[in-house]
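# Summary of structural features
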Amino acid sequence: MCRFVLYKGTQPVQLSQLLTRPAHSIIRQAFDPRLRLDHRRPINGDGFGVGWYDSVYDPELGVQPCIFTSVTPAWNNDNLTRLAEKIKSPLVFAHVRAYTSGSLSLDNCHPFTFGKLMFMHNGDVAGFPKFKRKLQSSLSDEIFSVVKGNTDSEWSFALFLSKLPDPHATQITPQVLRDAMRETIAALNKFASDVGVTEPSLLNFVVSDGESVVATRYISSKVHEAASLWYSSGTSFDEYAEGDYRMSKSDKRENIILVASEPLTFEKADWMEIRTNTMIVITPKMNLLQIPIIDEFFVPPSDPASQNRGTGFAAEKGF
């Protein structure tokens, strides 16, 4: 069980408005998750990570995102609290971890980066140890050397990098990110199938190049729901009482888009659940697209079976 949140906005946000201040902030979710509680590991105390892009490009600093990670629980890290009050960014990733793969180490804390790309995952790649070597052998020497930790998540990121035409490209279109994400999911499914893995994989991925974002809510099953994923969008995200935030929408523009494992607020009307086996794309111009991931596990919304997916599998795993 992990939790993550993504912010993309036309204006920079103070990190504390995502990480610490909301009543159900990502730090609160680390020790008080409300959706699909994992009774095996009921808290996300195995480290955390925050990644953000600069508000204004500075050639001396480069295009790569800045990452702050720690193996301490997020709610008990004073440095995180202090930094969150002093940093603003138009594109933020935050992730709290309860590890199901890999060890407790900084190298295993999300988000992961390569150049200008940033990636995080909530879920579990089923049967990963059975095909890890095969996945690794499919990578170039350069991409293989990118991985520093030992999680299924970081190896999934390496696989994603291998699907890009050029992971060093200075410009990556939303379509290229979409295609690479589809190919990554398809490759993970094939690796699992080839070694006889029948348990579904939970693949809630998020990747960004600092301009576009692609996120997935996905499970390799036709009968189970994927791990929870929600989004909220509007023109402003404001605190109207201490700890209480709401998303306002004064016109048709999308100035702010949030994607989160659990809603950051208790304003139910502000949040929409993303359909299982759907890809979210946020373009540089803040257009939000929801695109079905059509493969052997896709069930059309018109099929009554799409309304009868069971929540038990993901809930049992705390996702």
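Anything mentioned here points back to the structure above.
I will try to describe carefully the structure that is included in this document. These numbers were taken from a predicted model, which means no experiment stands behind them.

Scanning the protein from terminus to terminus reveals eight helices and 15 strands. Radius of gyration (C-alpha) of the protein: 18 Å, near the 20 Å computed for a compact globule of 319 residues. Burial analysis of the protein (319 residues in total) assigns 56% to the buried set. Counted over contacts in the protein with a minimum sequence separation of 6, partners at least 24 positions apart contribute 72%. As presented, the protein carries roughly 13700 Å² of accessible surface, and 51% of it is formed by carbon and sulfur atoms. Considering the protein, the positive charge centre built from 33 side chains and the negative charge centre built from 36 side chains are found 3 Å apart.

In this section: the state of the cysteines. One pass over the structure, following the stated rule, counts zero disulfides. The thiol sulfur of Cys 2 is not disulfide-bonded, and the nearest other cysteine sulfur, from Cys 109, lies at 9.7 Å. Overall, the relative accessible area of 8% leaves Cys 2 in the buried class.

On to unusual backbone geometry. In this chain, His 110 is followed by Pro 111 through a cis amide linkage whose omega measures 0 degrees. For Pro 111, the location among the structural elements is in the loop between strand 4 (88-96) and strand 5 (112-114). Unusually for a residue other than glycine, Asn 277 sits at a positive phi of about 60 degrees. Mapping Asn 277 onto the fold places it in the loop between strand 13 (272-273) and strand 14 (278-282). For Asn 277, a relative accessible area of 1% puts it in the buried group. Although it is not a glycine, Met 286 adopts a positive phi angle of roughly 70 degrees.

A few words now on the environment of Leu 91. Counting through the fold element by element, Leu 91 comes out in strand 4. The class for Leu 91 is buried, based on a relative accessible area of 2%. Leaving out residues up to four positions away in the same chain, Leu 91 has contacts with Leu 6, Tyr 7, Lys 8, Gly 51, Trp 52, Tyr 53, Ser 208, Gly 210, Glu 211 and Val 213.

Within the open sheet, the seven strands sit side by side as 3-2-4-1-12-9-13. Their pairing is antiparallel. Because the sheet does not close on itself, it has two edges, and the strands there are strand 3 (66-70) and strand 13. In terms of strand pairing, strand 9 (residues 230-234) meets strand 12 (residues 256-260) through five bridges, oriented antiparallel. What sits directly across from Trp 230, in strand 12, is Ala 260. Running over the sheet, helix 3 (residues 78-86) touches strand 1 (3-14), strand 2 (48-52), strand 3 and strand 4 and is turned about 155 degrees from strand 3.

With that out of the way, let us pick up the nonpolar core. Membership of the largest hydrophobic core comes to 41 residues, with the highest contact counts inside it found for Phe 131, Leu 135, Phe 157, Phe 160, Leu 161, Met 181 and Leu 188. Looking at this core, the elements that each hand over two or more residues are strand 5, strand 6 (117-124), helix 4 (128-137), helix 5 (141-146), helix 6 (152-163), helix 7 (174-194), strand 7 (202-208) and strand 14. With eight residues, helix 7 is the largest single contributor of residues to this core. Among the nonpolar cores identified, the runner-up in size contains 27 residues, and Leu 15, Trp 230, Ile 256 and Leu 258 belong to it.

Before going further, it helps to examine the packing of aromatic side chains. To describe a pair of aromatic rings, you give the distance between the ring centres and the angle between the ring planes. Tallied over the entire structure, the rule returns eight aromatic pairs. Taken together, a centroid distance of 4.9 Å and an interplanar angle of 20 degrees make the contact between Phe 119 and Phe 157 stacked. Here Phe 157 lies in helix 6 and Phe 119 lies in strand 6, a separation of 38 residues in the sequence. Side by side, Phe 119 and Phe 157 carry an identical accessibility label, which is buried. With a centroid separation of 5.8 Å and 15 degrees between ring planes, the pair formed by Phe 131 and Phe 191 is classed as stacked. In this pair, Phe 131 sits in helix 4 while Phe 191 sits in helix 7, placing the two residues 60 residues apart along the sequence. On the accessibility criterion, Phe 131 (0% relative accessible area) is buried. Members of the aromatic cluster, each reached through a chain of ring pairs, are Phe 119, Phe 157, Phe 160 and Phe 205. Its end group placed over the ring of Tyr 240, Arg 246 keeps NZ or CZ at 3.8 Å from the ring centre.

Parameters at a glance
Residues numbered from 1 in each chain as written. Predicted model: local features only at pLDDT ≥ 70, side-chain atom pairs only at ≥ 80, totals over all residues. Heavy atoms only, no water. Helix = DSSP H or I, 4+ residues; strand = E, 2+ residues; numbered from the N terminus. Rg over C-alpha atoms; globule rule 2.2 N^0.38 Å. Buried < 20%, exposed > 50% of the residue type's maximum accessible area, 1.4 Å probe, protein only. Contact = heavy atoms within 4.5 Å. Areas by Shrake-Rupley, 256 points an atom, 1.4 Å probe, with all protein chains shown as cover. Lys, Arg positive; Asp, Glu negative; His and termini not counted. Charge placed at Lys NZ, Arg CZ, Asp CG, Glu CD. Disulfide = S-S within 2.5 Å. Pairing = 2+ DSSP bridges. Axes fitted to C-alpha atoms, helices over the stretch in contact; angles between N-to-C directions. Core = buried A, V, L, I, M, F, W, Y, C linked by side-chain atoms within 4.5 Å. Phe/Tyr/Trp six-rings, centres within 6.5 Å; stacked < 30°, edge-to-face > 60°. Lys NZ or Arg CZ within 6 Å of the ring centre and 35° of its normal.

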